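Breakdown of the fold
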Amino acid sequence: MIDLLLIHPNDQKAVYGDTVKYTACEPPFWMALAAQYCRERDLDVSVLDAEAENLSFEETAARVEQLSPHLVGIFVTGTNLSASTQKMHGADVTCHEIKEKVGKDLPVFLWGLHPSALPKRTLQDGDADYVVKGENFDTMINLAKYHKGIAAFHPEKLGGCYYRQDGEIKGCGPGIALSTDKLPMPAWELLDMKKYMPHNWHVMGEKDPLSAKGRYGVVSASIGCPFHCSYCAISSQFGVKKLRFWDAGRVVDEIERLVLDYDVKYIKFLDECFVLDKGYVSRFCDMLTERHLDVNMWSYARIDTITPDLMIKLRNAGMKWICYGIESGDEAVLGKVFKSQYNTSKTVEVVRQTQEHGLYINANFMFGLLDDTKETMEKTLEFAKMLNPEWINFYSTMLLPGSKDYFDALDKGDIKNDEWIEYSQYSYECKPAGGKYLTPKEVLAFRDHAFHAFFEGNQKYFDMIRVKFGQQYVESIQSMMKNKLRRKLLGD
């Protein structure tokens, strides 16, 4: 028997619906990190990425039975930590299948932002025995040793653990956030790195986009976020609104390891916002540039923290794409979600500077923010067209568990989402929050309309794509636009 089996569940079809063939398959960073942390403390650990191996829930349970672990941990993480809620459906079904096939006595814990935000409800709604809240890898180790029969159960000492006892759910606080100098490099050697694939926009410009398969990696330079956007849930995972940085040299070493040991070229930075500390980013870029590695990287940045000098350094280091959370084209709407420092003129200036310095832009916009109206959403769509970024993501605003907006709505009795799969942006069941002036149906209908309206007949956009990336990517995007998402809320 192995001590601990960590699982990344597979529910891509439910989460992404008809867009599943366009999605990335991302290496599970936090699962690989936890695996290495536990291995270094004398646990026998295995990992199973059911998503990368495209295993059904039944096939996943069969693997668990074959491996015969003392403890199973299911990692409820998506392409970013705030995507945890939409993965709860797959996590719950995976847990249920394990209990049915392997046995109800096999202990299972859940880890991730959603379980950390709602630990008691997570246990009430599903079959898991524990929630490990926050990071708390030491709690995982204690649980594994307890179920192996070599240690007592110490939730009150370690914290960050919710569990069932005598028909009740008990919890022991958030636990302690780990220092980054105690966190190891992820155990990528436990995974088949040839199974991962970057986003379709990330590979634009390649003669053969499929050549990127098996060459995709992820890194993290910092943990957490110091900002207070009301719709964001990130602090539920880490407990505080602060940043913890890995040493810049360690991050450069990890990138070099991915390139040399795993033939990785395409790299995503998992940081909620990589470009925050200008001194840190500058040092990192200088060190990475000296390594002369062939990489195509992307990261998140903020309009109000990036500068032209950093743009130059980032581009020289191998950063090709910058993702900006622009959110809205209406400044009053932005002010209500604590983003009043963003204004449209500054956004235009920074976007143009970014493009002039040879960086491509992935711009994120949100529809259905608290004070949005049909008029302000239309204004956001027109702003996106005017900016003309190389790629866009249009999202419906969700009341993500763990966010201020979610708990405010919960206190008022306004939470309407009954199923976690409704929080998936691309699922058939998707159901946005709505706002003061808009129903969930109106928000979703406008989001889907806006996505197609941005591309269809937008000659300025396709002329840019043709010049920067080639005609095949014009045709690829136009082919993608022929597919329209089916939505239960819209009567499909």
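Residues numbered from 1 in each chain as written. Predicted model: local features only at pLDDT ≥ 70, side-chain atom pairs only at ≥ 80, totals over all residues. Heavy atoms only, no water.

Okay, the overall build of the chain next. Looking only at helices and strands, one finds 19 helices and 15 strands in the chain. A globule of 492 residues ought to have a C-alpha radius of gyration of about 23 Å, and the chain, at 22 Å, matches this closely. Each principal axis of the C-alpha atoms in the chain carries an extent, and together these give about 65 × 55 × 40 Å. Put simply, the chain shows about 19300 Å² of open surface, and 49% of that area lies on carbon and sulfur atoms. The positive charge centre, built from 59 side chains, and the negative charge centre, built from 69, are 2 Å apart in the chain. (Helix = DSSP H or I, 4+ residues; strand = E, 2+ residues; numbered from the N terminus. Rg over C-alpha atoms; globule rule 2.2 N^0.38 Å. Areas by Shrake-Rupley, 256 points an atom, 1.4 Å probe, with all protein chains shown as cover. Lys, Arg positive; Asp, Glu negative; His and termini not counted. Charge placed at Lys NZ, Arg CZ, Asp CG, Glu CD.)

Take the sheet that holds strand β13 (residues 319-327) next. Judged by pairing direction, the sheet is parallel, and its 6 strands sit side by side in the order β8-β11-β12-β13-β14-β15 without closing on themselves. Looking at which strands have only one partner, the edges of the open sheet turn out to be β8 (216-219) and β15 (391-396). For this sheet, the mean inter-axis angle between neighbouring strands, taken without regard to orientation, is 20°. Strand direction decides the pairing type here: strand β11 (residues 266-269) and strand β12 (residues 296-301), joined by 3 bridges, are parallel. Bridge pairing in β12 places Ile267 opposite Met297. Most of the contacts of helix α10 (residues 248-262) go to β8, to which it runs at about 165°, and overall it touches β8, β11 and β12. Across the sheet, helix α17 (residues 440-455) lies against β14 (360-367) and β15, angled at about 170° from β15, the strand it touches most. (Pairing = 2+ DSSP bridges. Axes fitted to C-alpha atoms, helices over the stretch in contact; angles between N-to-C directions. Contact = heavy atoms within 4.5 Å.)

As a further point, take the pairing of β8. Neither face of β8 is left uncovered, since the one carrying Tyr216 and Val218 and the one carrying Gly217 and Val219 both have all their residues buried. In the sheet, β8 pairs with β11 via 4 bridges, with the strands oriented parallel. Residue pairing for β11: Gly217 is matched across the bridge by Ile267. (Buried < 20%, exposed > 50% of the residue type's maximum accessible area, 1.4 Å probe, protein only.)

Contact geometry of helix α3 (residues 57-67) with helix α4 (residues 88-101) gives a least axis separation of 9 Å together with a crossing angle of 50°. Relative to α4, the element α3 lies oblique. In this structure, the crossing between α3 and α4 has a hand that is right-handed. Residue-level inspection shows Phe57, Glu58, Thr60, Ala61, Ala62, Val64 and Glu65 of α3 in contact with α4, the latter providing Gly90, Val93, Thr94, Glu97, Ile98 and Lys101. In terms of residue class, the contact of α3 with α4 is made up of 6 nonpolar, 3 polar and 4 charged. (Parallel < 35°, antiparallel > 145°, perpendicular 65-115°, else oblique. Left-handed = near helix turned anticlockwise from the far one by under 90°. Nonpolar A, V, L, I, M, F, W, Y, C, P; charged D, E, K, R; others polar.)

Residues of strand β4 (residues 108-111) alternate between two faces, with Val108 and Leu110 on one and Phe109 and Trp111 on the opposite face, all of them buried. One ladder, built from 4 bridges, connects strand β3 (residues 69-75) with β4; its direction is parallel. The partner of Phe75 across the bridge, within β4, is Trp111. Two strands pair when backbone bridges link them, and β4 and strand β5 (residues 130-132) are joined in this way by 3 bridges, in the parallel orientation. What sits directly across from Leu110, in β5, is Val131.

Ranked by internal contacts, the top residues of the largest apolar core, which has 118 residues, are Phe109 and Ile255. It is helix α2 (residues 29-39) that provides the largest number of residues to this core, a total of 9 residues. Once you skip the residues sitting within four places of it in the chain, Phe109 turns out to touch Leu4, Leu6, Leu71, Val72, Gly73, Ile74, Phe75, Tyr130, Val132, Met140 and Leu143. Judged by nonpolar contacts, the second largest core, of 44 residues, contains Ile74, Val333, Met366 and Cys430. (Core = buried A, V, L, I, M, F, W, Y, C linked by side-chain atoms within 4.5 Å.)

What the rule picks out here adds up to 31 salt bridges. Residues Lys101 and Glu65 are paired through a salt bridge, measuring 3.8 Å at the closest nitrogen-oxygen approach. With a gap of 36 residues between them, Lys101 in helix α4 and Glu65 in helix α3 connect regions that are remote in the sequence. Assessed through its relative accessible area of 41%, Glu65 is described here as partly exposed. Residue Glu382 pairs with Lys385 through a salt bridge whose shortest N-O separation is 3.8 Å. (Salt bridge = Lys/Arg side-chain N within 4 Å of Asp/Glu carboxyl O.)

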